[in-house]
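# A look at the structure
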Amino acid sequence: MSDTGRTYMLLARGLRKEYGKGEGLVRAVDEVDLEVTAGETVAVMGPSGCGKSTLLHLLGGLDRSSGGEIWLDGRRVDQLGERALARLRRDAVGFVFQAFHLMDELTAVENVELPALLAGRSPRTARRQADGLLEQVGLADRAKFLPTALSGGQRQRVAIARSLANDPLVVLADEPTGNLDSQATLDVLRLFDSLHAAGQTLVIVTHDSRIAATADRLISMRDGAFIDETRLTGGATGHLGAPARIKG
Amino acid sequence: MGRILLVCRLAARDLRRRSGEAVLLLLVITAATTTLTLGLILHGVTTSASYQSTQAATAGPDVVAWGGPPADVMALAHAQGVIGHTGPYPVASPVLRVRGLTVPVLAEGRDQAPAPIDQPKLTQGTWVGNGAVVLERSFADTLGIRAGDSVTLNGRPFLVAGIAVTAANPTDPPTTPGLLWLTRADARSLATVAHPLSFTLNLKLADPAEAPAFVSAHAAGDGTGILWSWEFIRGLDTQVVTNEQLVMLVGSWLLGLLAVASVAVLVGGRMAEQTRRVGLLKAVGGTPGLVAAVLLAEYLILALIAAAAGLAAGWLATPLLTRPSLFPGLARAPGAPPLTVSTVALVVAAAVAVAVAATLVPALRAAGTSTVQALADAARPPRRRARVIAVSARLPVPLLLGLRLVARRPRRVVLSGASIAITVTTIVAVLVYRASNASGGPGTDPVGQVMLVVTVALFVLAAINAVFITWATVLDARRSSALARALGANSRQVTAGLSAAQVLPALPGAMVGIPAGIALYAAVSNGQTLIIPPTWQLLAVVAGTLLVVAGLTAIPSRVGARRPMAEILQSETA
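Below you will find a few notes about this structure. (Residues numbered from 1 in each chain as written. Chains lettered and ligands numbered in written order. Predicted model: local features only at pLDDT ≥ 70, side-chain atom pairs only at ≥ 80, totals over all residues. Heavy atoms only, no water.)

On to the pairing of strand β2 (residues 82-92) of chain B. All names here are of chain B. Counting buried positions along β2 yields eight of eleven residues, so the element is predominantly enclosed. Pairing geometry for β2 and strand β10 (residues 198-205), over seven bridges, is antiparallel. From the neighbouring strand, G84 faces β10, where its bridge partner is K204. Both β2 and strand β4 (residues 101-110) contribute to a ladder of two bridges, which runs antiparallel. Each residue of the ladder has a partner; that of V91, found in β4, is E108. (Buried < 20%, exposed > 50% of the residue type's maximum accessible area, 1.4 Å probe, protein only. Helix = DSSP H or I, 4+ residues; strand = E, 2+ residues; numbered from the N terminus. Pairing = 2+ DSSP bridges.)

Okay, the pattern of salt bridges next. Tallied over the entire structure, the rule returns 26 salt bridges over all chains. Its salt-bridge partner being E105 of chain A, residue R408 of chain B comes within 2.9 Å of it at the nearest N-O pair. Highlighted residues: R408 of chain B in helix α14 (residues 397-408) and E105 of chain A in the loop between β6 (93-96) and α4 (108-118), drawn from two different chains. When the shortest N-O distance is used, the salt bridge between D141 of chain A and R142 of chain A registers 3.0 Å. Residue class for R142 of chain A comes out partly exposed when judged on its relative accessible area of 25%. Counted as one network, the salt bridges with shared partners bring together R16, E18, R27 and E31 of chain A. (Salt bridge = Lys/Arg side-chain N within 4 Å of Asp/Glu carboxyl O.)

Attention now moves to the interface of chain A and chain B. On the chain B side, the residues contacting the 30 residues of chain A number 30 residues. When chain A packs against chain B, the two sides together hide about 2,800 Å² of surface, and 61% of this comes from carbon and sulfur. Summed over the three residues of chain A that lose the most area to chain B, namely H101, E105 and L118 of chain A, the buried surface amounts to 25% of that side. Seen at the junction of chain A and chain B, the total is three salt bridges. (Contact = heavy atoms within 4.5 Å. Buried area = accessible area lost by both parts, 1.4 Å probe.)

Another point: the pairing of β6 of chain A. Side-chain direction in a regular strand flips from residue to residue, so the side chains alternate between the two faces of the sheet. All names here are of chain A. Burial along β6 is two-sided: the residues V93 and F95 and G94 and V96 are all buried. Inspection of the sheet shows β6 paired to strand β7 (residues 170-174) by four bridges, in the parallel sense. Bridge assignment links V93 to a residue of β7, and that residue is V170.

One pass over the structure, following the stated rule, counts eight cavities of 30 Å³ or more. In this structure, the largest cavity occupies an estimated 160 Å³ of space. Lining the largest cavity are 14 residues, and of these M103 of chain A together with L401, R404, L405 and S480 of chain B sit closest to its centre. Going through the elements one at a time, α14, α17 (478-486) and α18 (491-524) of chain B are the ones with two or more residues in the lining of the largest cavity. Per-element accounting of the lining of the largest cavity gives the leading share, five residues, to α14 of chain B. Here the lining of the largest cavity is built from residues that sort into nine nonpolar, two polar and three charged. (1 Å grid on protein atoms, 1.4 Å probe; cavity = no way out; pocket = protein on both sides within 12 Å on 5 of 7 lines; lining within 4 Å. Points joined across faces, edges and corners; volume = space filled by probe spheres on them. Nonpolar A, V, L, I, M, F, W, Y, C, P; charged D, E, K, R; others polar.)

Here we take up a nonpolar patch on the surface. Residue and element names in this part refer to chain B. A grouping of W315, L316, L339 and V344 is seen on the molecular surface, where their side chains present a nonpolar patch of about 380 Å² in accessible area. Mapped onto the fold, L339 is located in the loop between α10 (288-321) and α11 (341-368). Residue L339 is classed as partly exposed on the basis of its relative accessible area of 33%. (Patch = residues over 30% accessible without salt bridge, like charges linked within 9 Å, V, L, I, M, F, W, Y side chains within 5 Å. Areas by Shrake-Rupley, 256 points an atom, 1.4 Å probe, with all protein chains shown as cover.)

Printed below as a string of structure tokens:
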């Protein structure tokens, strides 16, 4: 398993998340196997309540699994203690949430620099980096704006910039366009495309087929399990394109 | 009528659903109403009639003289206006030991035959005899001594023959030793080189009203003798009640302020939780007026119950503060006056005022919230303090999180700081009182006892406040805490941040409490000597307060920081 773990940027084996007991037992994630190579973009699609978000929370160390293994960059992470898990979230994982989850009282740039400050970087370094990230997502002119003064799409771009603050190994995005209109969705889509092109490893949970189409692979999920996998481009270096292979 | 019933039913249901919080609120308001009731009842206590009855029962003197040698004291017996005297009686100053306690006493030598002036009235046992002493009642009560017990004086055993009261003993409880009577021979035998005998003489004047003038005319001015008029003695007894009244009234005001802070914090927290309920009420046709009425009714119900409980508790506790042992010169205690209609009305009004003051703004705010927003359970947007955010970026993670939490809810910070300031003010006022009034023996200070009770009540209320405020902060910051953890802060850092958010406002609160406590004592002490306690004591109060706040907030902070972040981030909207 360790060899396999070293091969992939992110790997899950027999991953389970269960709630309740006996007859009330619910398997939110049921024996999921997942491999994500470095620079790959994987999209997970499925109906509401199928366990997509739970899977993402397990992969990112936001929640504890009931069983199975998770490996990140060759290191097993599902058995880490609370503090090590916090370090993992801080240094190796970037999150993008459907509800943006920006701090309302902080400006765009203050939100983006927060993970760097939590990681102990100097305020000056954190601010310089945050300015750069905001420029990267096209919001340099909105750096001093509060989230309430930004549109939904702009907020999500700030959240994406924040997810990149500590140069994560993998970015996990949970329904990143779920709260956005068409134009904003397009902006976010372009952003993910550029991240993908830059070699950032991405796992995106989405309902939106346009977002899913930016991925190298598309995984369908139902009742906590993977039921289908489609390779869209055939590799991390590909561009958006049509399905290349469908696995039963 | 139907509308009132509906409001009451909805309010009662919600109270039952959150019974734990309701009980806490009830306790908080009851503490304030109990103290207020005590203060108001004590305000009606007068000791003049009680002192006069003691004077009559003991043939109390108009003037008491203390000093020596006996010839000097006796000269007063022949002064103009004096129509009778008893004494001079020898007074020794031995050390009394009983059950491991050692206290200095004044032992007054008496004849076995009754004296025509100042014959102490026995409340237990018999009068003095060879090897048998009689203890002044408040002193005996303080030490828990009864007739038939044994004590030693300067190491010699004596039987306690009886307990008695006198109108001739100007006992200032915190500063004078206890008093007992024994035979003249026993008194003389207890004199030592270090503590020789002094003498006391009781005088009867032709015109008792002239006693103060007599004292002024004959006071030595060189400190060799002491003269007390009966009015002076009565004044000291009355002073005990006056001081108690003052402490209780000031205490009830402070407790009332703390209660407002407690209720405001609790109500704020509950209102935040009730946003969705408000939305539902409005969605099914509830008017803003109905919503505000339901929210206010809950707290009015609690306030009325607390007022009733406070009145009952205060009325039951009053005898403890007017018990005979607290009034050394009185043959009978002043007794507690009955509850008056005005007392009841004032206490009920105060309880209702506390509830309304703390709930009106949140209730009106909730009533004015848009139905859609309320149904979405949108959190109240936090305040932004740009400078605090900039400064906090330079601090370690726990302080960064704590300071930003502080900046989010300035009203809560003010309540938290005020709560601590009120408590520290009281503690410092008690320390100043202790420093300014050195104790004359164990438990001989009724005002000090009342102060202690008020301080303990304030401390408990402040502790409840600290926990409430922390929990309200935990609830309010659940999304930002979860987000901070998702972004890499660990739960220890978040716990420390939540605690820091309580300790940071406690520091200025405690610092303000030091001068405020000194000022409070100066304001209510009627120009009495004011001795400021040592600096280390004052600093210890500040440090102790911060430690206690940190300790009290640690558990709710820890619970808050360990809530499942995925669940919170999943359920909370932006």
